[in-house]
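Chains, contacts and geometry: an overview
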Amino acid sequence: MLSTHILDVAAGAPAEGIAVTLYRVDGERRRIAGAKTDADGRIPAPFGGALEPGTYEIVFAVGSYFAVRKQLGGAFYDEIPVRFRIESRNAKYHVPLLLAPWGYSTYRGS
């Protein structure tokens, strides 16, 4: 089961309205699901449904988020891809993104 959320650490708030796309990567990249973050910056589980073990990629489309907010000098990132592996169909996977106009961080959450 997969979920994600985005926190705008520069604003100190959840990042609402960011388009997030999930892909399966197995020789080619195939789109599995897409959604926009809610007012809490979240896309709840099960994002993409029941996922089989394998390699996946979440792409966070952050460029338009920062463009709307007219960040000084714009934002450095347009899209942020995060590639990861799902080992067990029954495990919980949470992939958060901590975001700022000039940097980001991600990790496997709980």
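Look a little higher up for the structure.
These lines cover the structure that appears in this document, whether it is placed above or below. (Residues numbered from 1 in each chain as written. Predicted model: local features only at pLDDT ≥ 70, side-chain atom pairs only at ≥ 80, totals over all residues. Heavy atoms only, no water.)

**Topic: the pairing of strand β1 (residues 2-8)**
Most of β1 sits out of view: six of its seven residues are buried. Sheet analysis places β1 next to strand β8 (residues 93-94), joined by two bridges and oriented parallel. In the strand pairing of β8, L2 is matched with Y93. Bridge count between β1 and strand β5 (residues 42-43): two bridges; the pairing is antiparallel. (Buried < 20%, exposed > 50% of the residue type's maximum accessible area, 1.4 Å probe, protein only. Helix = DSSP H or I, 4+ residues; strand = E, 2+ residues; numbered from the N terminus. Pairing = 2+ DSSP bridges.)

**Regarding the nonpolar core**
Grouped together as the largest cluster of nonpolar side chains are 24 residues, with contacts concentrated most on L2, F60 and L99. Taken together, the elements giving at least two residues each to this core come down to β1, β3 (19-25), β6 (54-61), α1 (63-69), β7 (79-86) and β9 (97-100). Ranked by the residues each element gives to this core, the list is headed by β7, at four residues. (Core = buried A, V, L, I, M, F, W, Y, C linked by side-chain atoms within 4.5 Å.)

**Observations regarding the pattern of salt bridges**
Taken as a whole, this structure holds six salt bridges when the rule is applied. Residue E52 is joined to R89 by a salt bridge in which the shortest nitrogen-to-oxygen separation is 2.9 Å. Taken together, the residues span a long stretch of sequence, with E52 in the loop between β5 and β6 and R89 in the loop between β7 and β8 at a distance of 37 residues. The class of E52 is partly exposed, set by a relative accessible area of 39%. (Salt bridge = Lys/Arg side-chain N within 4 Å of Asp/Glu carboxyl O.)

**What about the environment of I43?**
Within the element layout of this structure, I43 appears in strand β5. Taking the relative accessible area as the measure of exposure, I43 reaches 4% and is therefore buried. A C-alpha to C-alpha distance of 6.0 Å links I43 and S3, two positions 40 residues apart in sequence. In this structure I43 touches S3, T4, V20, A35, K36 and T37, once residues within four positions along its chain are discounted. (Contact = heavy atoms within 4.5 Å.)

**Some points on the packing of aromatic side chains**
This model, assessed by the stated rule, comprises four aromatic pairs. A ring pair is formed by Y56 and F84, whose centres lie 6.3 Å apart and whose planes are at 25°; its orientation type is stacked. Within this pair, whereas Y56 is found in strand β6, its partner F84 is found in strand β7, the two being separated by 28 residues in sequence. Look at Y56 and you get buried, because its relative accessible area is 2%. A ring pair is formed by Y77 and Y104, whose centres lie 5.1 Å apart and whose planes are at 80°; its orientation type is edge-to-face. Taken together, the residues span a long stretch of sequence, with Y77 in the loop between α1 and β7 and Y104 in strand β10 (residues 103-106) at a distance of 27 residues. Accessibility expressed as a relative area gives 25% for Y77, which makes it partly exposed. Taking the relative accessible area as the measure of exposure, Y104 reaches 37% and is therefore partly exposed. The ring of Y23 carries R29 above its face, with NZ or CZ at 3.8 Å from the centroid. (Phe/Tyr/Trp six-rings, centres within 6.5 Å; stacked < 30°, edge-to-face > 60°. Lys NZ or Arg CZ within 6 Å of the ring centre and 35° of its normal.)

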